[in-house]
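# Architecture at a glance
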Amino acid sequence: QIKESATLTRDVLEQHFSDLKGTLKKLLDERLMSLLQEVDVIEQESIKPLDECQKLIEHGVSTADDLLREGESAVDGDMGQHNEKLCNFTKKALHIQLDSLPEVPSLVDVPCLSAQLDDCLLTILKNQIFRHGTVASRPPVQLEEFVEKPGGILVRWCKVDDDFVAQDYRLQYRKSTASHFEDVYVGSETEFMVLHIDPNVDYQFRVCARGDGRQEWSPWSVPQSGRTTLVPHEWTTGLEGYSLSSRRNIALRNDSLSCGVLYSKAPTYFCGQTLTFRQVLFGIETVGQPDRRDSLGVCVEQRNGDDSLQRDKAVCISTNGAVFVNGKEMTNQLPAVTSGSTVTFDMEVVQLGPCSNEGGNFKLRVTISSNNREVVFDWVLDQCCGSLYFGCSFSYPGWKVLVF
């Protein structure tokens, strides 16, 4: 692990600084080109009036030189043409302003280009570069526990550096056959339920943290493998009043007038060998109009024709918070089920009398929780139950239930 992580760290550092050098060279080249273009523009704009002034002066000198030669010719010419040439020379000389010159800018008004380069940039860059990057021997957070769930894994992590103040955590996972990790959770909690996990398949997980007030993430924890052997919970297909997601773990009460109880595909809520039933969570994502016959719960068997789980051999909670055991309403009541509510069922097996294939007294201690409140009661059955069905029933459309 040490050699592998050291090799990976070297590769990351070399690649990062190589990319950094390429980016810095590109930025410096772009800045140089920008400054050179600025010099070109100033040079062109400043020298243009001076060139025009020079052309006017050269034109005046040329005109005066031509007039001078014409005057010399008039003086030295034939006497018969002397007067005529002299007259023409005099007229031309009167029309040419030999003493007129264009305005030449003073020397202080003429631009003189120079480059202003602040050497403190090198000092600033040097200080920033020497503080850039760190090498950590241990990540501040590590994965702590994997808990199997039907079709999912509950991942827990913890801080191992007491001096590190975490603001957010970032959990990633990948199939053991995949090459890249992907984000599955970013937030302040120290556990997360990863859904859509294929049973009996290894997944790798890793977690990192972001310090309070910081933008960069810490080094990743040591990757660890987790798996679930529990098949995912699924709603049964074919009931007209409900539409299911592709994975059949989400049920939506549709606009159909047909009403009835939607059961699980199989009795996947198992009685464990440790006297504890595995939790079944119902996350309510959206809500419709409530009805007193609405219900979420578990039952011993599927029974077609019922419009609610408020019947015998079933325990359930209504959307108004009423709890029913074998069809009878309890005096204790939970908060109403609303948008974003989560309802959980926990069951612990308590056997009162002899249990055989022919039947016998069988008691489950049930805990139903909703919105940070819970009720606890004993549910007595006349037969042993190694596993239970779950179900729901809603009278009006709009209810959307995720089970995991």
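A brief look at the structure comes next. (Residues numbered from 1 in each chain as written. Predicted model: local features only at pLDDT ≥ 70, side-chain atom pairs only at ≥ 80, totals over all residues. Heavy atoms only, no water.)

Let's shift gears to the sheet that holds strand β7 (residues 224-226). Strand order across the open sheet formed by four strands is β4-β3-β6-β7, with antiparallel pairing between neighbours. Two strands bound the open sheet, and with one partner strand each, they are β4 (182-187) and β7. Averaged over neighbouring strand pairs, the angle between their axes works out to 30° when direction is ignored. Examined bridge by bridge, strand β6 (residues 203-211) and β7 share three bridges and lie antiparallel to one another. Within β7, the residue paired with Y203 across the bridge is G226. (Pairing = 2+ DSSP bridges. Helix = DSSP H or I, 4+ residues; strand = E, 2+ residues; numbered from the N terminus. Axes fitted to C-alpha atoms, helices over the stretch in contact; angles between N-to-C directions.)

What follows concerns the side chain of R206. Position of R206 relative to the elements: it lies in strand β6. Despite its burial, R206 pairs with no opposite charge; the closest candidate is D183, at 7.1 Å N-O. Side chain to side chain, R206 and Q172 meet in a polar contact 2.9 Å long. In this structure, R206 is in contact with L143, R170, L171, Q172, F181, W220, S221 and P223, ignoring residues within four places of it in sequence. (Buried < 20%, exposed > 50% of the residue type's maximum accessible area, 1.4 Å probe, protein only. Lys, Arg positive; Asp, Glu negative; His and termini not counted. Salt bridge = Lys/Arg side-chain N within 4 Å of Asp/Glu carboxyl O. Polar contact = N/O pair within 3.5 Å; in protein donor to acceptor, adjacent residues only side chain to side chain. Contact = heavy atoms within 4.5 Å.)

Looking now at the sheet that holds strand β1 (residues 141-149). Here three strands make up an open sheet; going across it, the order is β1-β2-β5 and the pairing antiparallel. Of all strands in the sheet, those with a lone pairing partner are β1 and β5 (191-194), marking the two edges. Strand-to-strand twist of the sheet, defined as the mean angle between neighbouring strand axes without regard to direction, takes the value 20°. One ladder, built from four bridges, connects strand β2 (residues 152-159) with β5; its direction is antiparallel. Following the sheet pairing, I153 is matched in β5 by V194.

This part takes up unusual backbone geometry. The backbone of R248 shows a phi angle near 60°, a positive value even though the residue is not glycine. Relative to the elements of secondary structure, R248 occurs in the loop between β8 (242-244) and β9 (250-253). Unlike most non-glycine residues, N326 shows phi in positive territory, near 55°. Among the secondary structure elements, N326 is positioned in the loop between β15 (322-325) and β16 (328-333).

The volume enclosed by the largest pocket comes to roughly 1,700 Å³. In terms of residues, the lining of the largest pocket owes the most to one element, helix α1 (residues 2-76), which gives ten residues. Class assignment for the residues of the lining of the largest pocket results in 19 nonpolar, 13 polar and eight charged. Shared between two domains, the lining of the largest pocket holds at least three residues of each, these being domain 1 (1-131) and domain 2 (141-228). By volume, the second largest pocket is sized at about 690 Å³. If you trace the second largest pocket, you find 20 residues lining it, with R31, L35, A115, Q116 and L117 closest to the centre. Of all the secondary structure elements, the ones that give two or more residues to the lining of the second largest pocket are α1 and α3 (120-131). No other element matches α1, which puts ten residues into the lining of the second largest pocket. (1 Å grid on protein atoms, 1.4 Å probe; cavity = no way out; pocket = protein on both sides within 12 Å on 5 of 7 lines; lining within 4 Å. Points joined across faces, edges and corners; volume = space filled by probe spheres on them. Nonpolar A, V, L, I, M, F, W, Y, C, P; charged D, E, K, R; others polar. Domains from an automatic or database assignment.)

Right, let's get into the pattern of salt bridges. Applying the stated criterion across every chain, the model contains 16 salt bridges. Where D29 meets K25, a salt bridge forms, and the shortest distance between an N and an O atom there is 3.0 Å. Within this pair, D29 and its partner K25 are both found in helix α1, separated by four residues, close to a single helical turn. As a salt-bridge pair, R303 and D312 come within 2.9 Å of each other at their nearest N and O atoms. Given a relative accessible area of 29%, R303 falls into the partly exposed group.

It is worth spelling out the nonpolar core at this point. Among the nonpolar cores identified, the biggest contains 35 residues, and M347, L364, I368, F377, W379 and L388 are the most heavily contacted of them. At the level of elements, β13 (295-299), β14 (314-317), β15, β17 (342-350), β18 (362-370), β19 (373-381), β20 (387-393) and β21 (400-403) are the ones that each hand at least two residues to this core. Counting residues in each nonpolar core, the second largest holds 16 residues, with I153, F164, Y169 and Y185 among its members. (Core = buried A, V, L, I, M, F, W, Y, C linked by side-chain atoms within 4.5 Å.)

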